[in-house]
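Below, each chain spelled out in residue letters.
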Amino acid sequence: QVQLVESGGGLVQAGGSLRLSCAFSGRTFSSYAMGWFRQAPGKEREFVAAINWSGGVTYYTDSVKGRFTISRDNAKNTVNLQMNSLKPEDTADYYCAARPGGYSGNYYRYEHWGQGTQVTVSS
């Protein structure tokens, strides 16, 4: 079955950068759209970014446009989230998710989830 393992979280000052990575295994990576979601304490899980199977189409929530970049490497079975100009409100647990077929901004459309990686942005 599909397994997803995130890495790259940590503590960073406001204005700094982090790069999250997600390693995919168990199926043909290029058959899956990938997404990043986040969940802050006491809040619902929210969509951050998604990418289609080829990497040619990306989709972002408005609050991260221009700051975050999602990308994928189908040869290495990885999806990345480059996060620049981080703000304290970006603090959350970040989750990688996969779904066969087209990308989506809705978390319930994703079948497979990683365990999450924590991102903390200090002011």
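Computed from a predicted model, the values in this text were never measured in an experiment.

A.B. asks: Mind showing me how you'd approach the side chain of Ser104 here?
C.D. replies: Considering the arrangement of structural elements, one finds Ser104 in the loop between strand S9 (92-100) and strand S10 (112-113). Within polar-contact distance, the side chain of Ser104 engages the backbone nitrogen of Asn106 at 3.0 Å. Filtering out sequence-adjacent residues up to four positions away, Ser104 remains in contact with Phe47, Ala50, Arg99, Arg109 and Tyr110.

A.B. asks: Can you help me understand the environment of Gly66 in this one?
C.D. replies: Take Gly66: it is sitting in the loop between strand S6 (58-60) and strand S7 (68-73). Between the C-alpha atoms of Gly66 and Asn84, which are 18 residues apart in sequence, the distance is 8.7 Å.

A.B. asks: Just to check I follow, could you spell out the pattern of salt bridges for this structure?
C.D. replies: Any two side chains of opposite charge can pair, given that their charged atoms come close. A full pass over the atoms with the stated rule returns 4 salt bridges. As a salt-bridge pair, Asp90 and Arg67 come within 2.7 Å of each other at their nearest N and O atoms. Of this pair, Asp90 sits in the loop between strand S8 (78-83) and S9 while Arg67 sits in the loop between S6 and S7, and the two are 23 residues apart along the sequence. In this structure Asp90 comes out as buried when scored by relative accessible area, which is 1%. Accessibility expressed as a relative area gives 10% for Arg67, which makes it buried. Shared partners join several salt bridges into a network, and the residues in it are Arg38, Glu46, Arg67 and Asp90.

A.B. asks: Before we go on, may I ask you to explain the state of the cysteines in this structure?
C.D. replies: Think of a disulfide as a covalent bridge from one cysteine sulfur atom to another cysteine sulfur atom. Evaluation of the coordinates by the stated rule reveals 1 disulfide. Disulfide pairing is shown between Cys22 and Cys96; the S-S distance is 2.1 Å. Between Cys22 and Cys96 the disulfide shows an S-S torsion of about -75°. By sign, it is left-handed. One end of the pair, Cys22, is in strand S3 (residues 18-25); the other, Cys96, is in strand S9, with 74 residues separating them in the sequence. The same class applies to Cys22 as to Cys96, namely buried.

Parameters at a glance
- Residues numbered from 1 in each chain as written.
- Predicted model: local features only at pLDDT ≥ 70, side-chain atom pairs only at ≥ 80, totals over all residues.
- Heavy atoms only, no water.
- Helix = DSSP H or I, 4+ residues; strand = E, 2+ residues; numbered from the N terminus.
- Polar contact = N/O pair within 3.5 Å; in protein donor to acceptor, adjacent residues only side chain to side chain.
- Contact = heavy atoms within 4.5 Å.
- Salt bridge = Lys/Arg side-chain N within 4 Å of Asp/Glu carboxyl O.
- Buried < 20%, exposed > 50% of the residue type's maximum accessible area, 1.4 Å probe, protein only.
- Disulfide = S-S within 2.5 Å.

Nothing here speaks to function; it is all geometry.
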